[in-house]
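As a plain string of letters, each chain reads:
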Amino acid sequence: MTSTPPTKAFASQADLADKKITFEQLSPHCWAYTAEGDPNSGVIIGDKFIMVSDATATPAMAQDLIARIRTISSKPIKYVLLTHYHAVRVLGASAYIAEGATEVIASQGTLELIIERGAQDMQSEMERFPRLFRGADSVPGLTWPTLVIGGGDPVKGEVPGKLTLDLGGVTVQVWHPGPGHTRGDTIAWVAEEKVLFSGDLVEYEAGVYTGDAQLEEWPATLEALRALKAEAIVPGRGEAMKGAANVNKALDYTQRWVETLFRCGKEAAAQGLDLKAAMDHTRKSMDPIFGHVFIYEHCLPFDVSRAYDEASGIKNPRIWTAERDKEMWAALQA
């Protein structure tokens, strides 16, 4: 059986233009590394040590962030935080280890996801994002945490494990605020400066990828982040947001995407629509609000697939493989 060839370039395979990178200071110790909708990283620079939140896609790509850090500090990059397990976030970690990093931090949920599906995700994302993985030959393999944060699920009223790190003159709190973008999402919070490094739990004016999401719980996790009353946020994608009103704007944007998408998924499942019809149904609500944002057309097919699955009772997201990616894409183009 042959499937109809995709009429539209798969995922981000046609997105080959370099993005403008911004490295900006948000507070005395906190910096944002953003790139016009590409995956962001955060940097916290203490008097003794530096932490990087999200390691970039490859060690080759990480060299640019390291070079920018070195223009403002020669302190050792000791900590690398994996906000979740996705390859575009974690496979650059070995570059920081070469710089002297001794701890790669993740939640228990993220470790479990790396074990369960890290290898498949690595292959899948390399095919989805050829530009971000130009230096893929510099990736030594999967990134494994050396420091794992356990603890309960706060959405269930349990107390989450929390790690407090003193970088010298600045303290960083690291914990899992609840499921959302994945079931293992981890944040960094600098309470004294009210700066939040959210990973892909929060996006702004960029596609919200939900292919591995826990859509039902995500809004409650966003409210837990809102309760921090951050005055600056480094989202997973999109510009760093400064000021409480703008932080809330990013939280509202993400919540609207998640809730609109999941509502459409539930409606499609209730009507017994197939995936292509579910996509058409979802577009009627999503396109007018979000159709203009970066990576929208890449994210939506994966998002609709996950929303339909979760609405149909599949609580643990199915594993994306390079083969499943292409089959889904072809089915939606047919």
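Up top is the structure.
No experiment lies behind these values; they were computed from the predicted model shown.

Glancing now at the overall build of the protein. Of the regular secondary structure elements, the protein holds 9 helices and 13 strands. Against the compact-globule benchmark of 20 Å for 334 residues, the protein has a radius of gyration of 19 Å, which places it among compact chains. With the C-alpha coordinates of the protein rotated into their principal frame, the extents come out at 60 × 45 × 35 Å. Pairs at least 24 apart in sequence give 71% of the contacts found in the protein among residues at least 6 apart. Of the accessible surface of the protein, which amounts to about 12,800 Å², a share of 53% is contributed by carbon and sulfur atoms. Within the protein, one finds 33 positive and 44 negative side-chain charges whose respective centroids are separated by 2 Å.

For the rest of this paragraph, the subject is the environment of Gln333. Assignment of secondary structure puts Gln333 in helix 9 (residues 322-333). Gln333 gets classed as buried once you look at its relative accessible area, which sits at 18%. Separated by 256 residues in sequence, Gln333 and Ile77 place their C-alpha atoms 45 Å apart.

What follows covers the sheet that holds strand 9 (residues 171-175). Read from one edge to the other, the open sheet built from 6 strands follows the order 8-9-10-11-12-13, with strand pairing classed as mixed. If you trace the sheet from one side to the other, it starts and ends with strand 8 (162-166) and strand 13 (241-242), each paired once. By the bridge criterion, 4 bridges tie strand 11 (residues 195-199) to strand 12 (residues 232-235) in an arrangement that is parallel. Of the residues in strand 12, the one forming a bridge with Gly199 is Pro235.

Once that is clear, we can look at the sheet that holds strand 4 (residues 50-53). As summarised here, the arrangement of the 7 strands in space is 1-2-3-4-5-6-7, forming an open sheet in which the pairing is mixed. With partners counted over all chains shown, the strands left at the sheet margins are strand 1 (22-25) and strand 7 (147-149), one partner each. Averaged over all adjacent pairs, the angle separating strand axes in this sheet is 20°, with direction ignored. As judged from the 3 bridges shared by strand 6 (residues 103-107) and strand 7, these two strands associate in the parallel manner. In the strand pairing of strand 7, Ile105 is matched with Leu147. Sitting on the sheet, helix 1 (residues 59-70) is in contact with strand 1, strand 2 (30-35), strand 3 (38-45), strand 4 and strand 5 (77-81), with an inclination near 145° to strand 4. The sheet strands contacting helix 4 (residues 108-128) are strand 6 and strand 7, and the helix crosses strand 6 at an angle near 95°.

On to the nonpolar core, then. Across soluble globular proteins, nonpolar side chains have a tendency to be buried as a group. One finds Tyr96 and Trp257 to be the most contacted residues of the largest nonpolar core, which totals 75 residues. When sequence neighbours within four positions are dropped, the list of residues in contact with Trp257 reads Ala206, Gly207, Val208, Thr210, Met286, Phe290, Val293, Tyr296, Cys299 and Asp303. Ala32, Tyr79, Ile105 and Ala232 belong to the second-largest nonpolar core, a separate cluster that totals 22 residues.

Definitions and limits used
Residues numbered from 1 in each chain as written. Predicted model: local features only at pLDDT ≥ 70, side-chain atom pairs only at ≥ 80, totals over all residues. Heavy atoms only, no water. Helix = DSSP H or I, 4+ residues; strand = E, 2+ residues; numbered from the N terminus. Rg over C-alpha atoms; globule rule 2.2 N^0.38 Å. Contact = heavy atoms within 4.5 Å. Areas by Shrake-Rupley, 256 points an atom, 1.4 Å probe, with all protein chains shown as cover. Lys, Arg positive; Asp, Glu negative; His and termini not counted. Charge placed at Lys NZ, Arg CZ, Asp CG, Glu CD. Buried < 20%, exposed > 50% of the residue type's maximum accessible area, 1.4 Å probe, protein only. Pairing = 2+ DSSP bridges. Axes fitted to C-alpha atoms, helices over the stretch in contact; angles between N-to-C directions. Core = buried A, V, L, I, M, F, W, Y, C linked by side-chain atoms within 4.5 Å.

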